[in-house]
Amino acid sequence: LELFRLPLAVGTRSFEIERLQTDIGRVVKMAGTVEVLPLSKVKAIDREVDAHEITSNGRYIDPATGASSRYQSKAWFAPSIGFIVKQEFIERNNQDTADGIRVSLVLKAYQRQ
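Residues numbered from 1 in each chain as written. Predicted model: local features only at pLDDT ≥ 70, side-chain atom pairs only at ≥ 80, totals over all residues. Heavy atoms only, no water.

Colleague: Can you break down the overall build of the chain residue by residue, with the values?
Modeller: If you tally the helices and strands in the chain, you get 0 helices and 7 strands. Seen in sequence order, the chain has helices and strands lined up from the N terminus as β-β-β-β-β-β-β. Dimensions along the principal axes, computed over C-alpha positions, put the chain at roughly 45 × 30 × 25 Å. Buried positions account for 31% of the 113 residues belonging to the chain. Here the analysis covers contacts within the chain between residues at least 6 apart in sequence; of these, 37% occur between residues at least 24 apart. Entry remark: accessible area of the chain is about 7,200 Å², with carbon and sulfur atoms responsible for 51%. The averaged location of the 14 negative side-chain charges in the chain is 3 Å from the averaged location of its 16 positive side-chain charges. (Helix = DSSP H or I, 4+ residues; strand = E, 2+ residues; numbered from the N terminus. Buried < 20%, exposed > 50% of the residue type's maximum accessible area, 1.4 Å probe, protein only. Contact = heavy atoms within 4.5 Å. Areas by Shrake-Rupley, 256 points an atom, 1.4 Å probe, with all protein chains shown as cover. Lys, Arg positive; Asp, Glu negative; His and termini not counted. Charge placed at Lys NZ, Arg CZ, Asp CG, Glu CD.)

Colleague: Lay out the pattern of salt bridges in plain terms, naming residues and giving numbers.
Modeller: Taken as a whole and assessed by the stated rule, the structure comprises 7 salt bridges. Lys29 is the partner of Glu18 in a salt bridge, and the nearest nitrogen-oxygen pair spans 3.8 Å. Residue Glu18 is located in strand S1 (residues 11-21), and its partner Lys29 is located in strand S2 (residues 26-36); the two are separated by 11 residues in the primary sequence. Residue class for Glu18 comes out exposed when judged on its relative accessible area of 53%. Judged by its relative accessible area of 28%, Lys29 is partly exposed. The residue Asp99 makes a salt bridge to Arg102 at a minimum N-O spacing of 2.5 Å. (Salt bridge = Lys/Arg side-chain N within 4 Å of Asp/Glu carboxyl O.)

Colleague: Describe the environment of Ile45, naming the residues involved and giving the relevant values.
Modeller: The topology assignment puts Ile45 in the loop between strand S3 (40-44) and strand S4 (47-61). C-alpha of Ile45 to C-alpha of Ile61: the two residues are 16 residues apart in sequence and 35 Å apart in space. Those residues in contact with Ile45 that sit more than four places away from it in its chain are Ile81, Val85, Leu107, Lys108, Ala109 and Tyr110.

Colleague: Explain the packing of aromatic side chains to me, and be specific about the residues and the numbers.
Modeller: For the structure shown, the criterion picks out 2 aromatic pairs. Ring geometry for Tyr71 and Phe89: centres 6.1 Å apart, planes at 25°, overall stacked. In this pair, Tyr71 sits in strand S5 (residues 68-78) while Phe89 sits in strand S6 (residues 83-92), placing the two residues 18 residues apart along the sequence. Members of the aromatic cluster, connected to one another through ring pairs, are Tyr60, Tyr71 and Phe89. Positioned over the ring face of Trp76 is Lys86, at 4.9 Å from the centre of the ring. (Phe/Tyr/Trp six-rings, centres within 6.5 Å; stacked < 30°, edge-to-face > 60°. Lys NZ or Arg CZ within 6 Å of the ring centre and 35° of its normal.)

Colleague: Break down the side chain of Glu53 for me, citing the residues and quoting the values.
Modeller: Tracing the chain through its elements places Glu53 in strand S4. Of note is the side chain of Glu53, whose polar atom sits 3.3 Å from the side chain of Thr55. (Polar contact = N/O pair within 3.5 Å; in protein donor to acceptor, adjacent residues only side chain to side chain.)

Set out below in structure tokens:
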């Protein structure tokens, strides 16, 4: 996605994209900001690795109804591994009164091919 544009460039930028949700067949717009931080240590794969923290704050917007929900995604990309080693995602409900989705992922193992 446009959110994780490689190669990473430290700084903040805005984005606006449309994507098709294949499971329900509708188009959703995403708009917001992405901030890429310099390399820092993060615990993943049972050790510390150098990774860029990438924070995205924005809204999902349904073009058909105008309804929207706020989200925040944080991902830690380790260039030495070439992959995201940790990710946290939160999406609020349409009324912005509660979390609708909350997910945390950590890479436990990997194998280069």
